[in-house]
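Okay, here's what each chain looks like letter by letter:
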Amino acid sequence: MKELRVGMIGYGFMGRAHSNAYKRLTDFFPVNHRPVLKAACARNKEKAEAFAKVWGYERIETDWKALVAADDIDLIDIGSPNNTHLEIALAAAKAGKMVLCEKPLAMSVKEAEKMVAAVEKYKVPNMVWFNYRRVPAIALAKQIIDEGRVGRAFHYRATYLQDWTIAEDVPQGGPGLWRLDASVAGSGVTGDLLAHSIDTAMWLNGPITRVVAKTETFVKERLHVETRKKQKVTIDDACMFLAEFANGSIGTFESTRYARGRKNFNTFEMNGADGSVYFDLEEPEYLQYFEYKQNQSGKKVESHLTGWRKIHTTNSEHPYMNRYWVPGTCIGYEHTFLNALADFVMGIESGKPTQPDFRCALQTQKVCDAVLKSARSGKWTATGAK
Ligand code: SOE
């Protein structure tokens, strides 16, 4: 077993989700690398110490530059706010460390391009934590589509809805709430939520070539935690866009943090000539599949038995599930990170880099930037993909 010595930057929601994955990797996956939680890094010493104690990191750093320079670190995990990703990734790549970065990759395409150039120049393994690809039901959708069972694609429909920013007295800035501060997050729901939907969509249905979007900011001013002043809100609270895919299909994407009752409602449906797939993260172990059946002479028919099939993706034949429990038992949200990490480590071991790497995530960033640009201009906007 080789050691994979981890330096974790950030101690929030994602710091915890990623740390859990490192801790459990070798319990579930037959890999030849054993993650060692070497150092947790945060500017605030007390918070870094508390985080390190809970998750079992050997030491802390309060300066990410010291972490990146440390000889006893192989992998830098960037779980800190979006406006820190660029600088840390460039330095980590230059120091020859592997880099795992939380999504969205960057604040803009310009930043993302620099990050791609750095990891490619220094040839360091890299990945972006688009964890939803690793939900077994979503990975099964990918398998079904790749097997040709959906056939020629017509429609792709995604929603990503939450409701946690409706109250006007939710402030912006500070832990967790930096997501409401555009100078730290880059954008609102587009980078935070739609980036997930776009990554999944392009994984399943190929490149998005053009978009036209509408964004809205419902609460115009919020108290800023750091300045203690009411400040203009410049993130997008909601974003909807139409998309054209390179394969000729068309898509709709909707995201908001103002859908009362919706906590993390991440769904998609894809309709093709030969079938459809539907997924809803509120029932994460299910993939719904409609098969337009062929009769014995090869003719497509529907019968009194035709209907949607709700596949409980908990059999050992289903993606990732042979690593866990007996058929019929479920895994959870945290396992999507564990599955992602396993794919990454197996990618290092096989020499076949795991997706989505930084270059792949750059394409998602291009779609996000095109969406925001289109929302400003009101015009269809090309993403650069063909
Ligand atoms: C925002 O509320 C958030 O935590 C995102 O940042 C995550 O990426 C998403 O998976 C859940 O919601």
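*Asks:* Can you walk me through the packing of helix α1 (residues 13-28) against helix α9 (residues 333-350) in this structure?
*Replies:* Geometrically, a packed helix pair is captured by the angle between its two axes and the distance between the axes. Two elements in contact, α1 and α9, have axes separated by 8 Å at closest approach and are oriented at 65 degrees. Note on packing geometry: the crossing formed by α1 with α9 is right-handed. Residues Ala 17, His 18, Asn 20, Ala 21, Tyr 22, Arg 24, Leu 25 and Phe 28 of α1 lie in contact with α9, whose contacting residues are Glu 334, Phe 337, Leu 338, Leu 341, Ala 342 and Val 345. Residue composition of the contact of α1 with α9, grouped by class: 10 nonpolar, two polar and two charged.

*Asks:* Help me understand the environment of Ser 108, please; the structure alone is not making it clear to me.
*Replies:* Examined against the element boundaries, Ser 108 turns out to sit in the loop between β5 (98-101) and α5 (109-121). Accessibility expressed as a C-beta count within 10 Å gives 20 for Ser 108, which makes it buried. As for Ser 108 and Trp 55, which are separated by 53 residues in sequence, their C-alpha atoms are 32 Å apart.

*Asks:* Mind showing me how you'd approach unusual backbone geometry here?
*Replies:* Leaving glycine aside, a negative phi is the common case for residues, and trans is the common case for peptide bonds. A cis amide bond, omega -10 degrees, links Lys 103 with the succeeding residue Pro 104. Positionally, Pro 104 belongs in the loop between β5 and α5. Here the amide bond leading from Gln 355 into Pro 356 is cis, since omega sits at 5 degrees, within 30 degrees of zero. Mapping Pro 356 onto the fold places it in the loop between α9 and α10 (358-377). One non-glycine residue, Lys 123, lies in positive phi territory at about 50 degrees.

*Asks:* Could you clarify how one ought to interpret the packing of helix α4 (residues 85-94) against α5 in this entry?
*Replies:* For the pair α4 and α5, interaxial distance at closest approach is 9 Å and the crossing angle is 10 degrees. Viewed along their axes, α4 and α5 adopt a mutual orientation that is roughly parallel. Along the contact surface, α4 presents Leu 86, Ala 89, Leu 90, Ala 93 and Lys 94, while α5 presents Glu 111, Lys 114, Met 115, Ala 118 and Val 119. Across the contact of α4 with α5, the residue classes break down as seven nonpolar, no polar and three charged.

*Asks:* So what exactly am I meant to see when it comes to α10 here?
*Replies:* For an α-helix the count is 3.6 residues per turn, leaving residues at separations of three or four pointing the same way. Taking 1.5 Å per residue, 20 residues should reach 28 Å; α10 reaches 28 Å between its end C-alpha atoms and fits that length. Summarising burial for α10: 16 of the 20 residues are buried, a large majority. A positive phi of about 75 degrees marks Gly 378, the residue just after α10.

*Asks:* Just checking my understanding: could you explain the sheet that holds strand β6 (residues 126-128) for this structure?
*Replies:* Pairing between the strands of a sheet comes from backbone hydrogen bonds, and it takes one of two forms, parallel or antiparallel. If you trace the six strands from one edge of the open sheet to the other, you get β3-β2-β1-β4-β5-β6, paired in parallel fashion. Unpaired on one side and paired on the other, β3 (59-61) and β6 mark the two borders of the sheet. In this sheet, neighbouring strand axes are inclined to one another by 25 degrees on average, regardless of whether the strands run parallel or antiparallel. Two strands pair when backbone bridges link them, and strand β4 (residues 75-78) and β5 are joined in this way by four bridges, in the parallel orientation. Opposite Leu 75, over in β5, you have Met 98 as the bridge partner. Where α1 meets the sheet, its contacts fall on β1 (2-9), β2 (33-41) and β4, and the angle it forms with β2 comes to roughly 150 degrees.

*Asks:* I keep staring at the domain arrangement of the chain and nothing clicks. Help me out?
*Replies:* According to the domain assignment, the chain consists of domain 1 (2-131) and domain 2 (133-381). At the interface, 36 residues of domain 1 touch 39 residues of domain 2. At the level of secondary structure, the elements contributing two or more residues to the side of domain 1 that touches domain 2 comprise α1, α5 and β6. The element best represented in the side of domain 1 that touches domain 2 is α1, accounting for eight residues. Residue classes in the side of domain 1 that touches domain 2 are distributed as 23 nonpolar, 10 polar and three charged.

How each quantity is defined
- Counting of residues starts from 1 at the beginning of each chain's written sequence and follows it residue by residue.
- Only residues with pLDDT of 70 or above have their local features reported here, since the model is predicted, and side-chain atom pairs are shown and tallied only from 80 upward, although totals for entire chains, interfaces and linings are computed over all residues.
- Axes here mean lines fitted to C-alpha atoms, for a helix over just the part in contact, with angles spanning 0 to 180 degrees between N-to-C directions.
- By definition, any uninterrupted DSSP run of H or I lasting at least four residues is a helix, any uninterrupted run of E lasting at least two residues is a strand, and each is numbered from the N terminus.
- By convention, the crossing between two helices is left-handed when the near helix turns anticlockwise from the far helix through less than a right angle, and right-handed when the turn is clockwise.
- Residues are defined as contacting one another if the C-beta atoms placed from their backbone atoms lie within 7 Å.
- Classes in brief: Ala, Val, Leu, Ile, Met, Phe, Trp, Tyr, Cys and Pro nonpolar; Asp, Glu, Lys and Arg charged; the others, Gly included, polar.
- Buried means a residue has 20 or more other C-beta atoms within 10 Å of its own C-beta, exposed means 12 or fewer, and partly exposed covers the counts in between; C-beta atoms are placed from the backbone.
- With respect to orientation, any angle under 35 degrees is reported as roughly parallel, any angle over 145 as roughly antiparallel, any angle of 65 to 115 as roughly perpendicular, and every other angle as oblique.
- Working rule for helices: expected span equals 1.5 Å times residues minus one.
- If DSSP finds at least two bridges between two strands, the strands pair.
- Per the annotation, domain bounds derive from an automatic or database assignment of domains.

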